[in-house]
Amino acid sequence: MKFGTVPIDQAEGAVLAHSLMAGGKRFRKAYLLEAEDIVFLKEAGIGELVVARLEPGDLGEDPAAARIAKALTIRNIEVKPAATGRVNLHAREAGVFTVDKALVDAMNAVDPAITLATVADFAEVQRGQMVATVKIIPFAVAGDLVDKVVTLCTGREAFAVEPFRALRIGVVQTVLPGIKESVLNKTTETTRERFARSQSEITEERRTPHETAPVAEAVDALIRDNDMVVVFGASAMCDFEDVIPAAIAQAGGRVIRAGMPVDPGNLLVIGDIDGKPVIGAPGCARSPKENSFDWVLDRVIAGLPVSSMDIAGMGVGGLLMEIPTRPQPREVREKPVPVQVAGVVLAAGRSSRMGGPNKLMALFGDQPLIRRAAERAIASHVAPTVVVTGHQAERVEAALVGLRVRIVRNPDFATGLASSLKAGIAALPADIDGALIVLGDMPGITTNDLERMVEAFRVSGGKSVVRATYDGQRGNPVILPRSVFPAVASLQGDTGARHIVEAEGVRIVDVEIGAGAALDVDTREAMENAGGVLQEG
């Protein structure tokens, strides 16, 4: 093909390169100029034109695109007519798109004049959605280049849509103290909506304690009459022998993979029982936002196998949301809205594992541990700072004299951690956006650690749970947004904020602060190793 500017007398039979308005008439781009057009344009004062002229062996853009599209081996995809050098291809069914990337890359490598673009491999697509397009860049392309592309396509499926199947699905939700019925019901509804796109249905739901045996029993019962079982744990998986993977094994199945490189959704579990999939959903699956659960669920419903290696390969592109604590955000954010964070220092425990001494009165230097913890909370600019006391209340409170703290006594401290957490939250002002929960027996926590957590909470807009971690493992302290305060009121026994964090479906931001997040001093040995000196009494 020859391209360039030619005198008007030499333009007959050529293709007009650019749209043109002349003599009150519009000539569109790619228009094939005939003899009468040349006469009209000359009379309109046009002396030269930019044109493309096909040479022997060339194919025009539409025939070339149509020939390549026809050569593709595809399934469940409709090929549209060629126009302006393009052929669009659309899904005939809703499902999952699969593509031979190596083949597409090879086709695109033949010559820049020939292009094929598709949606991502394993993308969820709707019926009628465009999934690929063949585009010839110039007005014509050498026929031998088209031949090369057609030869590449021979005997290989380029891409397909694997249609969704309408499955029968059983759901298990585990329950721990403090989980509200409304959270469980919302999870069911969100899951039902996820299945609607494939016309799958939840046939039965069972709610069990968060223990291996009852979960295994429920999974075993549901898998018999359904095509798949999904388990929502009240507490997220924290070990490969934890409740959900253990329950799959106990029910006679195998665990294919526990954990995946997609965030949110790292803690997904997938296994099977007699060839039927069992998915342990991550906590983020309680939200309708896209997460790892969708990636696996779509493939399973479309009948595609999901191996451990398949999941291992999801890391690139697997970061599905911004991390508020990222040192250099990928895009400029608006200035965070002001939020108010209060501090709640829990100091009511009986130090039962110490065998007598109150660990909060242990000296670090010349300072009691509880005063050290309270001072660091105050210095992090949370306000107000509430200290919940109980066991040896007078002694603990005496160690806090002179500090800007509000003392709240918990008469029910002997019932466990939940009562102290409830007392602290209940004492906060109504305009507080979040509560920084600090355990009084963690000597490794610094003011800088707390300030970093408060900043992450502010950046998140005051809506997320912020959790301290060490080497990626959850620890303490934690910041609870106001939205979960009502759930705190329902806690019982020796239950802390962890179960609320995992059950409420609130976004979680992890802040890596180091070993201090995992260091408490429950035993004499731990206290000694941390540098504290116990005081008898």
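The structure contained in this document is the topic of the report that follows. (Residues numbered from 1 in each chain as written. Predicted model: local features only at pLDDT ≥ 70, side-chain atom pairs only at ≥ 80, totals over all residues. Heavy atoms only, no water.)

What to know about the overall build of the chain
Then, in step 1: Helix and strand counts for the chain stand at 16 helices and 30 strands.
Then, in step 2: What you see for the chain is a C-alpha radius of gyration of 33 Å, clearly larger than the 24 Å of a compact globule of 537 residues, by over 25%.
Then, in step 3: Considering only C-alpha atoms, the chain reaches an extent of 110 × 60 × 40 Å along its principal axes.
Then, in step 4: Counting only residues that meet the buried cut, the chain has 50% of its 537 residues in that class.
Then, in step 5: Considering only intrachain contacts with a sequence separation of at least 6, the fraction spanning at least 24 residues in the chain is 71%.
Then, in step 6: Per element, the accessible surface of the chain, about 24500 Å² overall, is 51% carbon and sulfur. (Helix = DSSP H or I, 4+ residues; strand = E, 2+ residues; numbered from the N terminus. Rg over C-alpha atoms; globule rule 2.2 N^0.38 Å. Buried < 20%, exposed > 50% of the residue type's maximum accessible area, 1.4 Å probe, protein only. Contact = heavy atoms within 4.5 Å. Areas by Shrake-Rupley, 256 points an atom, 1.4 Å probe, with all protein chains shown as cover.)

Things to note about the environment of Ala517
Then, in step 1: Here Ala517 is to be found in the loop between β30 (508-512) and α16 (524-530).
Then, in step 2: For the pair Ala517 and Pro443, spaced 74 residues apart in sequence, the C-alpha separation works out to 9.7 Å.

Structural notes on helix α2 (residues 61-71)
Then, in step 1: Every buried residue of α2 is listed here: Glu61, Ala64, Ala65, Ile68 and Ala69. Down the axis of α2, the smallest arc covering the buried residues is 130 degrees, so these residues share one side. (Arc of directions from axis to C-beta.)

Side note on the sheet that holds strand β12 (residues 124-125)
Strand pairing in a sheet is mediated by backbone hydrogen bonds. Such pairs are either parallel or antiparallel.
Then, in step 1: With mixed pairing, 4 strands are arranged side by side in an open sheet as β7-β15-β10-β12. With one partner strand each, in any of the chains shown, β7 (73-75) and β12 form the two edges of the open sheet.
Then, in step 2: As defined by bridge partners, β7 adjoins strand β15 (residues 157-163) across 3 bridges and the pair is classed as parallel. Counterpart to Thr73 in the pairing with β15 is Glu157. (Pairing = 2+ DSSP bridges.)

Re unusual backbone geometry
Then, in step 1: Of the consecutive residues Asp263 and Pro264, the connecting peptide bond is found in the cis state with omega at 5 degrees.
Then, in step 2: Inspection of the secondary structure assignment puts Pro264 in the loop between β19 (254-258) and β20 (269-273).
Then, in step 3: Following Ala383, the chain continues into Pro384 via a peptide bond in cis, with omega recorded as -10 degrees.
Then, in step 4: For Pro384, the position within the fold is in the loop between α10 (369-379) and β25 (385-389).
Then, in step 5: The backbone phi angle of His381 is positive, close to 70 degrees, even though this residue is not glycine.
Then, in step 6: Secondary-structure assignment places His381 in the loop between α10 and β25.
Then, in step 7: On the accessibility criterion, His381 (60% relative accessible area) is exposed.

A look at the packing of aromatic side chains
Then, in step 1: Tallied over the entire structure, the rule returns 4 aromatic pairs.
Then, in step 2: Look at Phe97 and Phe159: their rings are 5.5 Å apart centre to centre, the planes differ by 35 degrees, and that puts the pair in the tilted class. Separated by 62 residues along the polypeptide, Phe97 in strand β10 (residues 95-99) and Phe159 in strand β15 bring together distant segments of the chain. Here Phe97 matches Phe159 in class, with each residue buried.
Then, in step 3: Positioned over the ring face of Phe40 is Lys25, at 5.4 Å from the centre of the ring.
Then, in step 4: In this structure, Arg299 is placed above the aromatic ring of Phe122, and the distance from its NZ or CZ to the ring centre is 3.5 Å. (Phe/Tyr/Trp six-rings, centres within 6.5 Å; stacked < 30°, edge-to-face > 60°. Lys NZ or Arg CZ within 6 Å of the ring centre and 35° of its normal.)

Regarding the environment of Ala426
Then, in step 1: For Ala426, the position within the fold is in helix α12 (residues 417-426).
Then, in step 2: Residues Ala426 and Val488 lie 62 residues apart in sequence; the distance between their C-alpha atoms is 9.2 Å.

Re the sheet that holds strand β11 (residues 114-118)
Then, in step 1: Pairing within the open sheet is antiparallel, and its 4 strands lie in the order β8-β9-β13-β11. Each edge of the open sheet carries a strand with a single partner, namely β8 (77-79) and β11. On average, each strand axis in the sheet is tilted by 15 degrees relative to the strand beside it, whichever way the strands run.
Then, in step 2: Pairing between strand β9 (residues 86-91) and strand β13 (residues 130-136): 5 bridges, direction antiparallel. (Axes fitted to C-alpha atoms, helices over the stretch in contact; angles between N-to-C directions.)

Regarding the pairing of strand β17 (residues 201-209)
Then, in step 1: Two strands pair when backbone bridges link them, and strand β16 (residues 168-175) and β17 are joined in this way by 8 bridges, in the parallel orientation. Among the inter-strand pairings, Gln173 is bridged to a residue of β17, identified as Arg207.
Then, in step 2: Traced from β16 through helix α5 (residues 181-196) to β17, the parallel crossover comes out right-handed. (Right-handed = clockwise from strand over helix to strand, strands pointing away.)

Details of the pattern of salt bridges
Then, in step 1: Summed over all chains, the structure comprises 21 salt bridges.
Then, in step 2: Across the salt bridge formed by Asp298 and Arg197, the nearest N and O atoms sit 2.8 Å from each other. You can see Asp298 sitting in helix α8 (residues 292-301) and its partner Arg197 sitting in the loop between α5 and β17, a full 101 residues away along the chain.
Then, in step 3: Here Arg197 falls in the partly exposed class, since its relative accessible area comes to 29%.
Then, in step 4: In this structure, the salt-bridge partner of Glu394 is Arg409, at a minimum N-O distance of 3.5 Å. On the criterion of sequence distance, the pair formed by Glu394 in helix α11 (residues 393-398) and Arg409 in strand β26 (residues 406-409) is long-range, its members being 15 residues apart.
Then, in step 5: According to the relative accessible area criterion, Arg409 is partly exposed, its value standing at 45%. (Salt bridge = Lys/Arg side-chain N within 4 Å of Asp/Glu carboxyl O.)

Description of the packing of helix α3 (residues 101-110) against helix α4 (residues 143-153)
Then, in step 1: The geometry of α3 relative to α4 is characterised by a closest axis approach of 9 Å and an angle of 170 degrees between their N-to-C directions. On the basis of their axis angle, the class for α3 and α4 is roughly antiparallel. The residues of α4 that touch α3, namely those facing Leu103, Ala106, Met107 and Val110, are Leu145, Lys148, Val149, Leu152 and Cys153.
Then, in step 2: Of the residues in the contact of α3 with α4, the class split is 8 nonpolar, no polar and 1 charged. (Parallel < 35°, antiparallel > 145°, perpendicular 65-115°, else oblique. Nonpolar A, V, L, I, M, F, W, Y, C, P; charged D, E, K, R; others polar.)

Considering the environment of Glu43
Then, in step 1: By the element assignment, Glu43 lies in helix α1 (residues 35-43).
Then, in step 2: With a relative accessible area of 66%, Glu43 lands in the exposed category.
Then, in step 3: Measuring from C-alpha to C-alpha, the distance between Glu43 and Asp433 comes to 76 Å, with 390 residues separating the pair along the chain.

Observations regarding the packing of α2 against α4
Then, in step 1: It is at 9 Å that the axes of α2 and α4 come closest, and there the two elements cross at 15 degrees. Accordingly, the angle class assigned to the pair α2 and α4 is roughly parallel. Note that α2 runs across α4; the crossing there is right-handed. Note on element contacts: α4 touches α2 through Gly143, Val146, Asp147, Val149, Val150 and Cys153, opposite Ala64, Arg67, Ile68 and Ala71.
Then, in step 2: For the contact of α2 with α4, the per-class residue count stands at 7 nonpolar, 1 polar and 2 charged. (Left-handed = near helix turned anticlockwise from the far one by under 90°.)

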